[in-house]
Each structure stands twice: as C-alpha cells, then as structure tokens.
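Notes for the structure review
The primary structure of each chain is shown beneath.
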Amino acid sequence: TITLTDEERHFYQAQLLEPSANPDKIPFPLSQLQNKILHGDLLQFMDLLPPSCVDLLILDPPYNMAKDFAGMKFSSLSDEEYLDYLESWFPSVFRCLKPTGSIYLCGDWKNSACLYFLLKKYAIVRNRIVWQREKGRGAKANWKNACEDIWFATCSQDFYFDVESVKQKRRVLAPYRQEGKPKDWQETEEGRFRLTHPGNFWDDISVPYWSMPENTEHPTQKPEKLIAKLILASCPPEGLVLDPFLGSGTSAVVAKKLGRHFIGVEQNLEYCLLAQKRLALA
C-alpha cells in the first residue's frame, strides 16, 4: 500500500495547482492545466477551464451513501436531493467537453437511475457497463452487492471509439476450422484463443487490495485496469482526460501510462499527495 512520509507531503504539495494561483479568476491557458492535479473544490476550478477542450470525462462522484473520505463525509440523500447534488456541478464540467467527447459516469445500484436521468438530459446515453466487484460485503437478508455500474454517453453522434484496443482474449471452447485452418482463433502455447468484441459486463477486474502496488488507503479506489479500458476506448492518443473527482489519482496515472494528458481535481489534500506520488512512480 502506498503511503506518504512528512517529507514527501511537503515535496508533492508544492507540485499541486491551488486556487490561489489564479486570484483574478481568469481562465487558465490549457498548457498550464495539462498533466496537473488541482487541489480544491471542483466548482472553484471548472469556470477557470477553457470550454470544449476535453476528449474524455471520467466521473466518479460520491455514491448516494454515507461515506467518510479521510474526514470529508458524504451523507446519504433522497433520490431528489442526490439529483440536485449532481446538477450542482455537472453543467460546469460538461461545458469543458469537446463536441466529439465522451463521458463515463460511475455508480452503483442505489444511484444508477439518477445517473441515467442526469446524462439523458445533457448527452446521448449509449450503454451501461456492469463490472464485477468481488469485494462487496455479504448480507443475511439480501443479495451480496458484488458489482458496480459505469454509464457511457457521448456529446454527439461523432465520437472516438477504438474497439480494437479493448478487444478481449477469450478461450475457444469449440474450435472451428475452415479448410483445416483455425477460423477466427489462434493456437498458442497457453491454449486456443480468439479476440472478441468487448461486452458491457466485465468480470476480469480486481479491486486494489493491500499487496497490490497501486493500492492506497482511499476507501473507493478504482482499479487501474478498469480505467485503462475507458481511456483506451474513448480517448485518442495525446488526448485529454478530465477527472474532477480524482481521489487517489487512478485516472491521472493511467492516462500518463497510456500516453494521454490529464487534468485532475481533488479537494482532499491527502488524496492529492497520494496521486502525485503515484504519478512519480509511474
């Protein structure tokens, strides 16, 4: 698990972009924002970002449940109140997206309907991805909550999607041959496989745990592999990813590893510093 020393906290805090860096509240030039972590509330920064500059929005806001994020607490709300919360920031974030841009909005069973109605109002909803999250708690009088949702939407009918980069390698159970040669599959030392188009149910994701090098103490950290799929599919190389709920930095780290640019916003200083350390390690 990644931790911070006092010396590292001082070192990485100096690399953050603070609201005080722009006292006149004039929009930042994009060159000053790219590959930066902005420390503060997203509403302090969104109006300072240039409009229509982002290729991909990855949104992982607090789910509609009581949660303590290192001292910053989020309380469970009614559906109507939660929709009001989403509306309080989504339009400011949405204005940063290019007309060809895409959105991935994360949630779970409890807030998923609210996420759909929010996206439907502003964008074209294209799919709902369900990914298996085996870290859920068991229950005596309910089904174990072992999956989460990611809603996929675009601004228009003209959008980037690289299906080749996210095809899945599947074991062939009934290999078919044509004229004695494999039909749409390959023979390897590990067995027989074919590349298939990715579906919207993902069962190949591991939630970070203590012995994984990407793990932090963030309570809802997203796996790097999960975010990699989103970025590979929906952000062109050298494109720009915006994550206004950056948490411990997964979106920024994966964007860096995959040759994309990023802007991350996070109001919790400890998570900002963990994100900066992860970027340094990357």
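Described below are features of the structure shown in this document. (Residues numbered from 1 in each chain as written. Predicted model: local features only at pLDDT ≥ 70, side-chain atom pairs only at ≥ 80, totals over all residues. Heavy atoms only, no water.)

Scanning the entire structure with this criterion turns up 15 salt bridges. Where D60 meets K222, a salt bridge forms, and the shortest distance between an N and an O atom there is 3.0 Å. Residue D60 is located in the loop between strand 2 (54-59) and strand 3 (67-69), and its partner K222 is located in the loop between strand 13 (201-202) and helix 6 (224-234); the two are separated by 162 residues in the primary sequence. In this structure K222 comes out as buried when scored by relative accessible area, which is 7%. The salt bridge involving E187 is made with R192; its shortest N-O contact spans 3.3 Å. Under the relative-accessibility criterion, R192 is labelled partly exposed at 32%. A single salt-bridge network, built from bridges that share partners, covers D60, R133, E148 and K222. (Salt bridge = Lys/Arg side-chain N within 4 Å of Asp/Glu carboxyl O. Helix = DSSP H or I, 4+ residues; strand = E, 2+ residues; numbered from the N terminus. Buried < 20%, exposed > 50% of the residue type's maximum accessible area, 1.4 Å probe, protein only.)

Ranked by size, the top nonpolar core spans 38 residues in total, and within it I37, Y104, I150 and I231 carry the most contacts. Mapped onto this core, the elements with two or more residues apiece are strand 2, strand 5 (97-107), strand 6 (124-132), strand 7 (147-154), helix 6, helix 7 (250-257) and helix 8 (269-281). Residue contacts for I37: discarding those within four places in its chain leaves L16, L17, L246, F262, G264, C272, A275, Q276 and L279. Residues F45, L49, L86 and L118 belong to the second largest nonpolar core, which totals 37 residues. (Core = buried A, V, L, I, M, F, W, Y, C linked by side-chain atoms within 4.5 Å. Contact = heavy atoms within 4.5 Å.)

Counting buried residues along strand 2, 6 of its 6 residues qualify, which places the element largely inside the surrounding structure. Bridge count between strand 2 and strand 5: 5 bridges; the pairing is parallel. Note that in strand 5 the partner of V54 across the bridge is L97. (Pairing = 2+ DSSP bridges.)

So, on to helix 7. Helix 7 sits mainly inside the fold: 6 of its 8 residues count as buried. In this fold, the buried residues of helix 7 make contact with strand 2, helix 6, strand 14 (240-243), strand 15 (261-266) and helix 8. Remark: G259 follows helix 7 within two positions and exhibits a positive phi of approximately 75°.

Our focus in this paragraph is the pairing of strand 14. Burial along strand 14 is two-sided: the residues L240 and L242 and V241 and D243 are all buried. Taken together, the 2 bridges between strand 2 and strand 14 define a ladder with parallel strand orientation. Its bridge partner being in strand 14, L57 is matched across the sheet by L242. Two elements, strand 14 and strand 15, share 4 bridges in a ladder whose sense is parallel. Bridging across to strand 15, V241 finds its partner in F262. Each parallel crossover has a hand, and for strand 14 linked through helix 7 to strand 15 it is right-handed. (Right-handed = clockwise from strand over helix to strand, strands pointing away.)

Take the sheet that holds strand 13 next. Here we have 8 strands laid out as an open sheet, ordered 1-15-14-2-5-7-6-13, and mixed in their pairing. Both edges of this open sheet fall to strand 1 (36-39) and strand 13, since each of them pairs with a single strand only. The strands touched by helix 4 (residues 79-94) within the sheet are strand 2, strand 5 and strand 14, with strand 2 carrying the most contacts at an inclination of about 160°. Across the sheet, helix 7 touches strand 2, strand 14 and strand 15, and the angle it forms with strand 15 is around 170°. (Axes fitted to C-alpha atoms, helices over the stretch in contact; angles between N-to-C directions.)

Across its 16 residues, helix 4 extends 21 Å between first and last C-alpha, which sits within 8% of the 22 Å expected from 1.5 Å per residue. Roughly 30° is the biggest bend found in helix 4, and it falls at S88, with proline P91 one to four residues downstream. What helix 4 keeps buried is the set Y82, Y85, L86, W89, F90, S92, V93 and F94. (Expected span 1.5 Å × (residues − 1). Bend = angle between axes of the 7 residues up to and from the residue.)

Turning our eyes to something else, we now look at the sheet that holds strand 8 (residues 168-171). In spatial order, the strands read 8-12-11; together these 3 strands make up an open sheet with antiparallel pairing. Both outer strands of the open sheet, strand 8 and strand 11 (186-188), are each paired with one neighbouring strand and no more. Mean inter-strand twist for the sheet, computed between neighbouring axes without regard to direction, equals 40°. Here strand 8 runs beside strand 12 (residues 191-196); their pairing, made up of 4 bridges, is antiparallel. Directly across from R171, in strand 12, lies its bridge partner F193.

Let us now look at the side chain of N215. Tracing the backbone through its elements, the reader meets N215 in the loop between strand 13 and helix 6. By relative accessible area, which is 9% here, N215 ends up buried. Engagement of the side chain of N215 in a polar contact is seen with the side chain of T1, the distance being 2.9 Å. The residues touching N215, leaving out its near neighbours within four places in the chain, are T1, I2, P208, Y209, W210 and Q221. (Polar contact = N/O pair within 3.5 Å; in protein donor to acceptor, adjacent residues only side chain to side chain.)

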